[in-house]
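Reading the structure
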Amino acid sequence: MSISAQQVKELRERTGLGMMECKAALTETNGDMEAASDLLRKRAGAKVEKKAGRIAAEGTIGIHVSADRKTAAMVEVNCETDFVAKGDEFEDFAAAVAARVAAARPADVDALYRLPHQDGAPATVAQTREGLVMKLGENINVRRFERLTTGQGHIGNYVHGRKIGVLVVLEGGDENLAKDIAMHVAASRPEYVSKDQVPAAAVAKEKEIFAEQAKASGKPADIIEKMVMGRVNKYLGEITLLGQPFVKDPETTVEKLLKSKSASVKGFIRYEVGEGLEKRSDNFAAEVMATVKNT
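First things first, this report covers the structure right here in the doc. (Residues numbered from 1 in each chain as written. Predicted model: local features only at pLDDT ≥ 70, side-chain atom pairs only at ≥ 80, totals over all residues. Heavy atoms only, no water.)

Turning our eyes to something else, we now look at the overall build of the protein chain. A tally of regular secondary structure across the protein chain gives twelve helices and eight strands. Here the protein chain holds 295 residues, and the buried ones make up 46% of them. (Helix = DSSP H or I, 4+ residues; strand = E, 2+ residues; numbered from the N terminus. Buried < 20%, exposed > 50% of the residue type's maximum accessible area, 1.4 Å probe, protein only.)

So, in structure tokens, the structure goes:
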């Protein structure tokens, strides 16, 4: 039978796939739109399985923040190449996934995949992902997500070049301060908010290492103790947000900045695309540092 251009257009809008694939599916199913859509989904599933084992360590960070800045979600969506990661469709998918996480509070990625891609949409997140895999020709996965809520404070966010994303829960201060703190976290990679959050075992291990190093100086025990404590305090300052020099003004610490604004940080989350998946030569944190120094 003859397949009209309108039928092909409708199927393309449903599936997001190419004209020739849609026309072939409609021809094979004698113009049955539902059957053609199902056929393309089955074929997409086969392609998804073939691509599932391929390394996907590129990607983008998607963030959604509610209008009142009381709820936010951040996701990492991975693909195989930076070219695909820069595409509008891929970025739109990441943004929509972040919005679903914020609204629906899924327990894990599997639960997220079962949700509708958007409110009222017939396709699930998983089906939309499969369509992107088929259309863009790469392995695509939602790797992880976090959802934050706050009652008393507000949430600041920052994304650097799609590669680094940060959410910060701030009490006091304003939206500009929250963004500045998020930018700082992106650039300086703190591991904890304050010293009291650092595990005692980690501090003890560093103290032991510093003590062994200090013994080689041949100085008296009381001097060595002071040297060790100085090194420990320096270490704690380097890994905690409050102890770090503020990236926009290295003459003051983040702790002093927050006190001057009558504000406090209750928590933060920092994602970097591909971290832990493979060694990367890109120094995105250095890029952020250069950015904030020029703002």
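Having seen it, we continue.
Let us look at the sheet that holds strand β5 (residues 164-171). Picture the strands of a sheet paired through backbone hydrogen bonds; they go either parallel or antiparallel. Taken together, the three strands give an open sheet; going across it, the order is β4-β5-β8, and neighbouring strands pair in antiparallel fashion. The open sheet terminates on both sides in strands that have one partner only, identified here as β4 (154-160) and β8 (264-272). The average angle at which neighbouring strand axes cross in this sheet is 15 degrees, direction not considered. (Pairing = 2+ DSSP bridges. Axes fitted to C-alpha atoms, helices over the stretch in contact; angles between N-to-C directions.)

This paragraph deals with the pairing of β8. Counting buried positions over the nine residues of β8 gives seven, a clear majority of the element. Relative to β8, β5 is paired through eight bridges, and the arrangement is antiparallel. Bridge pairing in β8 links Ile 164 to Glu 272.

Now for the sheet that holds strand β2 (residues 71-79). Taking strand neighbours across the sheet as the criterion, the three strands line up as β1-β2-β3 in an open arrangement whose pairing is antiparallel. In the strand order of this sheet, the two ends are held by β1 (58-65) and β3 (141-149), each with one partner. Geometrically, the sheet is characterised by an average inter-axis angle of 15 degrees between neighbouring strands, direction not taken into account. As defined by bridge partners, β1 adjoins β2 across eight bridges and the pair is classed as antiparallel.

Here we come to the environment of Ile 3. Within the secondary structure, Ile 3 sits in the segment before α1 (5-15). The class of Ile 3 is buried, set by a relative accessible area of 13%. Expressed as a C-alpha distance, the spacing of Ile 3 and Lys 23, which sit 20 residues apart in the sequence, is 7.2 Å. Apart from residues lying up to four places away in sequence, Ile 3 is in contact with Val 8, Leu 26, Thr 27 and Gly 31. (Contact = heavy atoms within 4.5 Å.)

Under the counting rule described, the total for this entry stands at zero aromatic pairs. A cation over an aromatic ring shows up here: Arg 129 above the ring of Tyr 113, its NZ or CZ 5.4 Å from the ring centre. Looking at Arg 144, its charged tip hangs above the ring of Tyr 271, at a distance of 3.9 Å from the centre. (Phe/Tyr/Trp six-rings, centres within 6.5 Å; stacked < 30°, edge-to-face > 60°. Lys NZ or Arg CZ within 6 Å of the ring centre and 35° of its normal.)

This part takes up helix α9 (residues 200-215). Side chains that are three or four residues apart share a direction in an α-helix, a result of its 3.6 residues per turn. In this model, α9 (16 residues) spans 22 Å end to end at C-alpha, consistent with the 22 Å of a helix rising 1.5 Å per residue. Of the positions making up α9, those classed as buried are Glu 206, Phe 210 and Ala 214. In an axial view of α9, the angular spread of the buried residues amounts to 75 degrees, which keeps them on one side of the axis. Across α9 from its buried face, at more than 90 degrees, point the exposed residues Ala 200, Ala 201, Lys 205, Glu 208, Glu 212 and Lys 215. (Expected span 1.5 Å × (residues − 1). Arc of directions from axis to C-beta.)

Let's shift gears to unusual backbone geometry. The phi angle of most residues is negative, glycine excepted, and most peptide bonds adopt the trans form. Here Asn 30, not a glycine, exhibits a phi torsion of approximately 55 degrees, which is positive. As for its position among the elements, Asn 30 is in the loop between α2 (19-28) and α3 (33-51). Of note in this structure, Arg 162 is not a glycine but carries a positive phi near 70 degrees. On the basis of relative accessible area, Arg 162 is assigned to the buried category, the value being 17%.

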